[in-house]
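# Notes for the structure review
So the chains spell out like this:
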Amino acid sequence: MTIPEPASAFGPAGALVLPIFPLPDITLFPHSVIPLHVFEARYRAMVTDALARDRRLCITRLLPGYEARYVGKPPVALVAGAGEIVRWERLPTGRFNILVAGRSRVRIETEQPTDTLYRVVRARVLADEPPATDVSALMARVRAACRQLLEALDRPRDLADGLLEEAGADPGRLADRAAAAFVPDADVRQELLETLAVEARLARLSAALEGLLGSLRKRGKPE
């Protein structure tokens, strides 16, 4: 889908103060959109407040072992996705369905004191490190692997066209959109989110996609 332009600045200059939405296995990449159902009281309050302000929030991964401290302040990954709520629906129960567009990678620097039910952090935007060499071959590998994955799953190959073609010639955007759509493993997604060097991100992504494709093909072979 076409991702709406940001309503407020997410540029690299300065720091952002953002509420955080920690989740076990969800990764918000720049240039991608994720749907979320918000049901906990503290996060319903967070969404209500965000909609009244600038609609910005930070989605970060809960680290292993979070269960014992979930109701408090469990540890989270310091590299996270900053995004903007671009669509929302408040349900009669007070819950929300929201659509969050990823705008940038951020590094959480400090947690801010707050009287809210939810946590608030100070974070700094992380910029991509552009490739030093031609990465067109890596980009072609990623595009081909995505189409082959769809074929292996008996899905039309052209489903990838809109998703990937919207990235154009921007290798960082292509890597993020493909990772968001095709990488199921939460550890690999977090690794890709933390990889600022675009060439290294594309290489890791293509290896992950091709590994997944090989596993699917092996599983599909008759005994």
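Anyway, here's the lowdown on the structure attached to this text. Since this is a predicted model, take the numbers as computed values, not measurements. Counting restarts for each chain: residues are numbered from 1 in the order of the written sequence. Where totals are concerned, whole chains, interfaces and linings use all residues; where local detail is concerned, this predicted model gives features only for residues with pLDDT of at least 70, and gives and counts side-chain atom pairs only at 80 or more. The basis for every side-chain value is the complete set of non-hydrogen atoms in the structure, without hydrogens or water.

## Observations concerning the overall build of the chain
Counting from the N terminus, the helices are DSSP H or I runs at least four residues long and the strands are E runs at least two residues long. Within the chain, the regular secondary structure consists of six helices and six strands. Starting at the N terminus and ending at the C terminus, the chain contains elements arranged as β-β-α-β-β-β-β-α-α-α-α-α. Throughout this description, buried means an accessible area under 20% of the type-specific maximum (1.4 Å probe, protein chains only), exposed means over 50%, and partly exposed covers the range between. Put simply, the chain has 223 residues, and 45% of those count as buried. By definition in these notes, contact holds between two residues if any of their heavy atoms fall within 4.5 Å. Pairs at least 24 residues apart make up 68% of the contacts formed inside the chain by residues separated by at least 6 positions. Per-residue accessibility takes into account occlusion by the displayed protein chains alone, with areas from the Shrake-Rupley method and a 1.4 Å probe. For the chain, the accessible surface area stands at approximately 11300 Å², while carbon and sulfur atoms represent 54% of it.

## Concerning the pairing of strand 3 (residues 56-61)
For strand 3, the buried fraction is high: six of the six residues fall into the buried class. Residue alternation in strand 3 divides its side chains into two sets, Arg-56, Cys-58 and Thr-60 and Leu-57, Ile-59 and Arg-61, and both sets are buried. Here, strands pair whenever DSSP counts at least two bridges between them. In this sheet, strand 3 lies alongside strand 1 (residues 15-23) in parallel orientation, the contact comprising four bridges. By the bridge assignment for strand 3, Ile-20 is matched with Cys-58. The pairing of strand 3 with strand 4 (residues 79-90) spans four bridges and is antiparallel. Of the residues in strand 4, the one forming a bridge with Cys-58 is Ala-82.

## Examining the pattern of salt bridges
Throughout this description, the term salt bridge denotes a Lys or Arg side-chain nitrogen within 4 Å of a carboxyl oxygen of Asp or Glu. Within the structure shown, the criterion is met by 15 salt bridges. Here Arg-103 ties to Glu-84 by a salt bridge, and the two come within 3.1 Å at their closest N and O atoms. Taken together, the residues Arg-103 in strand 5 (residues 96-112) and Glu-84 in strand 4 connect sequence positions 19 residues apart. Classification of Arg-103 by relative accessible area gives buried; the value is 16%. Across the pair Arg-201 and Asp-176 runs a salt bridge whose closest N-O atoms are separated by 3.3 Å.

## Overview of unusual backbone geometry
Glycine aside, the phi torsion of most residues is negative, and most peptide linkages are trans. Look at His-31: it is not a glycine, yet its phi comes out positive at around 70°. Backbone geometry places Arg-55, a non-glycine residue, at a positive phi of 70°. Among the structural elements, Arg-55 can be located in the loop between helix 1 (41-52) and strand 3. Take Arg-55: its relative accessible area is 24%, and that puts it in the partly exposed class.

## What to know about the pairing of strand 5
Pairing between strand 2 (residues 33-38) and strand 5: six bridges, direction antiparallel. Looking at strand 5, one finds that Pro-35 is bridged to Leu-99. Two elements, strand 4 and strand 5, share 11 bridges in a ladder whose sense is antiparallel. Residue pairing in the sheet places Ala-80 in a bridge with Val-106 of strand 5.

## A closer look at helix 5 (residues 186-194)
Three or more residues of helix 5 are buried, namely Ala-186, Val-188, Arg-189, Gln-190, Leu-192 and Leu-193. Near the N-terminus of helix 5, the side chain that reaches the backbone nitrogen of Asp-187, with its oxygen 2.9 Å away, is that of Asp-185. Throughout this description, a polar contact denotes any pair of N or O atoms lying within 3.5 Å of each other; where both atoms belong to protein, one of them has to be capable of donating a hydrogen while the other can accept it, and for residues adjacent in sequence the pair is counted only when both atoms sit in side chains.

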